[in-house]
Amino acid sequence: MPLSGLEIYKLLPKTNCKECGFPTCLAFAMKLAAKQAELSACPYVSEEAKQALAAAAAPPIRLVTLGTERSFSVGNETVLFRHEKTFYHEPGLALRVKDTDPALEEKVALVDGFSVERVGMNLVMNALAIENASGDAGTFAGAVAKARAKTKLPFILMSDSPDAMKAALEKEGGMKPLVYAASDGNVEAMAALAKAHGASLAVKAETLDGLAALTEKATAAGVEDLVLDPMPRHLAGALAAFTQLRRLALKKNFRPLGYPIIAFAGNGANSPEEETIAAAQAICKYAGIIVLDHFDAADVYALMTLRQNIYTDPQKPIQVSPGLYEINSPKPGDPLMVTTNFSLTYFSVAGEVEGAGKPAWLLVTDSEGMSVLTAWAAGKFDAEVIAKAVKNFQVESKINHHKIIIPGFVATISGDLEEELPGWEVLVGPREAVDIPAYLKLWQ
Amino acid sequence: MPTTVEIPKEKWTGKVREVTLGATPSNGGTRGREVVVGGEATLPFLHFEGAIPHPPVVAVEILDRYPDDWAAPLKEVWGDVMKDPAAWARKAEELGAELIMLKLTLNESGAADGARAADVVKAVLGATTLPLIVRGPGQAEADNAMLVPVCEKAAGERIAVGLCEDKNYRTIVAAAMANNHLVIASTPIDVNLAKQLNILISDMRMPMERILMDPTTGALGYGIEYTYSVMERLRLAALSGDSMTQQPMICFVGEESWRQKESRVGQGVPAEWGDWHHRGVIWETVTAVALLEAGADIVTVRHPKTLELVQSTIQKLMAS
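Residues numbered from 1 in each chain as written. Chains lettered and ligands numbered in written order. Predicted model: local features only at pLDDT ≥ 70, side-chain atom pairs only at ≥ 80, totals over all residues.

(A) Focus on the overall build of chain B. Looking only at helices and strands, chain B features 11 helices and 10 strands. For 320 residues, the compact-globule estimate of 2.2 N^0.38 gives 20 Å, and chain B sits close to it at 19 Å. C-alpha atoms of chain B, sized along the principal axes, occupy 75 × 55 × 35 Å. Long-range pairs, those at least 24 residues apart, make up 70% of the contacts in chain B between residues at least 6 apart in sequence. (Helix = DSSP H or I, 4+ residues; strand = E, 2+ residues; numbered from the N terminus. Rg over C-alpha atoms; globule rule 2.2 N^0.38 Å. Contact = placed C-beta atoms within 7 Å.)

(B) Region of interest: the overall build of chain A. Looking only at helices and strands, chain A has 16 helices and 17 strands in total. Principal-axis analysis of the C-alpha atoms places the extent of chain A at approximately 80 × 70 × 35 Å. A buried classification covers 45% of the 444 residues belonging to chain A. For chain A, the proportion of contacts with a sequence separation of at least 24, taken over those separated by at least 6, is 65%. (Buried ≥ 20, exposed ≤ 12 C-beta atoms within 10 Å, placed from the backbone.)

(C) Seen up close, the domain arrangement of chain A. Split into domains, chain A comes out as domain 1 (5-57), domain 2 (64-310) and domain 3 (323-441). The gap between the C-alpha centroids of domain 1 of chain A and domain 3 of chain A is 56 Å. (Domains from an automatic or database assignment.)

(D) Fine view of the interface of chain B and chain A. In this complex, chain B contributes 42 residues to the contact, which on the side of chain A involves 44 residues. Only helix 7 (224-239), helix 9 (261-264), helix 10 (276-293) and helix 11 (304-318) of chain B provide two or more residues apiece to the side of chain B that touches chain A. Per-element accounting of the side of chain B that touches chain A gives the leading share, 9 residues, to helix 10 of chain B.

(E) Structural view of the nonpolar core. Ranked by size, the top nonpolar core spans 235 residues in total, and within it Leu128, Leu201 and Ile290 of chain A together with Ile100 and Val183 of chain B carry the most contacts. The dominant element in this core, judged by the number of residues it contributes, is helix 9 (residues 235-251) of chain A, at 10 residues. Setting aside its immediate chain neighbours within four residues, leucine 201 of chain A contacts Val179, Ala182, Met190, Ala191, Ala194, Ala218, Val223, Asp225 and Leu226 of chain A. Leu11, Leu12, Ala29 and Cys42 of chain A belong to the second largest nonpolar core, which has 9 residues in total. (Core = buried A, V, L, I, M, F, W, Y, C linked by C-beta atoms within 7 Å.)

(F) Summary view of the pairing of strand 10 (residues 226-229) of chain A. Residues and elements named next belong to chain A. Burial of the side chains of strand 10 extends over both faces: Leu226 and Leu228 are buried on one face and Val227 and Asp229 on the other. Where strand 9 (residues 200-204) and strand 10 come together, 4 bridges link them in parallel fashion. Residue pairing across strands places leucine 201 opposite leucine 226, the latter belonging to strand 10. (Pairing = 2+ DSSP bridges.)

(G) Quick peek at the sheet that holds strand 4 (residues 99-103) of chain B. Residues and elements named next belong to chain B. The strand order across the open sheet built from 8 strands is 8-7-6-5-4-3-10-9, with neighbouring strands paired in parallel fashion. Strands with a single pairing partner mark the edges of an open sheet, and in this sheet they are strand 8 (211-214) and strand 9 (250-252). Each neighbouring strand pair of the sheet contributes to a mean axis angle of 25 degrees, computed without reference to strand direction. Here 3 bridges tie strand 5 (residues 132-135) to strand 6 (residues 160-164), and the two strands are oriented parallel to one another. Its bridge partner being in strand 6, arginine 135 is matched across the sheet by glycine 162. (Axes fitted to C-alpha atoms, helices over the stretch in contact; angles between N-to-C directions.)

(H) Spotlight on unusual backbone geometry. Residue alanine 181 of chain A is reached from tyrosine 180 of chain A by a cis peptide bond, and omega for that bond is 5 degrees. Within the fold, alanine 181 of chain A resides in strand 8 (residues 178-182). Leucine 163 of chain B follows glycine 162 of chain B through a cis peptide bond whose omega is 5 degrees. When you line up the elements, leucine 163 of chain B lands in strand 6. With a phi close to 50 degrees, methionine 231 of chain A is a non-glycine residue in the positive phi region. Mapped onto the secondary structure, methionine 231 of chain A falls in the loop between strand 10 and helix 9. Not every positive phi belongs to a glycine, and asparagine 253 of chain A is a case in point at roughly 50 degrees. Asparagine 253 of chain A sits in the partly exposed class, given 13 other C-beta atoms within 10 Å.

Structure follows, in structure tokens:
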């Protein structure tokens, strides 16, 4: 948690010697708080002040990175509620596979290759959790080797046995895995393994006290990249524990628990649907890594969509650039449609036109990333805006007709638009993008 | 030396108002039970911090006519009961619905038939013991033409009627007040507009204990994050003591979720979207669960499987 200028001032010598280049210690403190000066500019600063300032500058939830070629990072969050700023690092989604599973390689390939496009982004799985269900070090290491041959995804290696973990780490390929997990009995051994292999380390305990004790032992052993598993027994327990961890890190700046959280959505779930629900809660409420036990495309797609939604910056809706877009190589005589530059709107409309196989011109106005109805209500998608876009993007030089199709939701602006665009015919299209193919079939 | 971690708790100064839907015979209605929502003195399901006296509830959405335009998986699963609103409501009650949400529509010629609407509401009330929510078609004139006779015909039943919007609330509020009903105040994803409409409605002397808030629902993938955040902001304001934000919240999840391409379309979509029927249910369920985590007190759903999944989730979240 950053210190205020006054808090920093209290740590300075207060001699106003000006050697830092600022007229007073207070002025220097204010610049430090604004991150416009470096503490090293003060020749007389105490060791105690240096440590306090360094600690305050560190993020309250440590950023932890798993993987190399297909890495992902979690942590470094700064708020409890996304409207306060934004959530920064989307939770990684992993599938758990047992080292005894005969379908292991098949599942690895599925997770590795799964990708679904949504509003111009490719949504993918981030990791593979391999569990030492056999209890045998050789079987575990063998499964890890087999999986590594199929994917560059980071692994979460799950075993309580340091011997099995050691064997698996040797076959893992040095791709920054997560060692899961250190507990009361094995924390020294697991921390030593994580340190030796450049891995991050998960700690598990049923109480927050237990977790804090483990992270202190792990950091003392030199492992800084930690992940917390509070081992919740049910859905309500997970919500409470994850909320408490996030609050302790952000509001109390409690370092021993300032790490990302791992959630096992399948633990305690009686059906695949219940697991998906637990994962949805974990996305909303503070998980950094979410491990699934089943892989169903519809479930995973829904969870990835929720993750994308919750981690969208509330200050910056996803936008596309305004302009005249060509879909399916249109000719001058093909239809002209207009919509707003909210990403979801653009991709819904463009996707339907593409899917219909009809060539068309799609004029995208600058509506500050708002959807059609929102933009219309805010005066950002009215006749004037559309007419301006027609001129700015030189639509008349590309097409040989004067017909423009507007979204059905803004049918009321037809009259105004005909006034703004003299000689044009304004056609009212469907309200929903999904009805565009049927509409285009009828277009003359 | 063992660390002792102090559990961080917020000291909230406000709580959500309790609102009672439905009236039993002793309270002037005919319902088999009353449903109380609200009363939370903490954020959703944080039992370690404050009281949550009533669980959120799930309403099943039905229509006053056969829903030709609904997605095929819904028509398959409900079957013939959809042809009769009373039979549909009865089936929903059998499946465990806690409330019925009846959506009224315009007739074939696009007109608002108030007398018919009132008859349908009467029939549904006769077919189920559950409290009822009734929504108009969503156009000011039609809503007024239909909801006024509905309020009169259902006098004393303490149904919730809506939607009241800033441009059209007076007629509906007056009819609800005169007949001992509740109203749903609907605003477009905005804290201040929500507060303002609550103030306008209470200025008409409608008691605050008879107002539900609809923050406007965006489905998963289609604006859910806006709804989610405005609900969190409204709930934080309520718990911080802002009286005009302390109404229980209702989310029309089924309607929004099943309107989207993922739920409506089974052909010509990417294989990565998975099985259509299952996807529709999961889309609706995940939308409902995320909004419950943000503070929803009532969610309305369309699919029976969603009803089951969301209810069991609420049960688990209420176990402290």
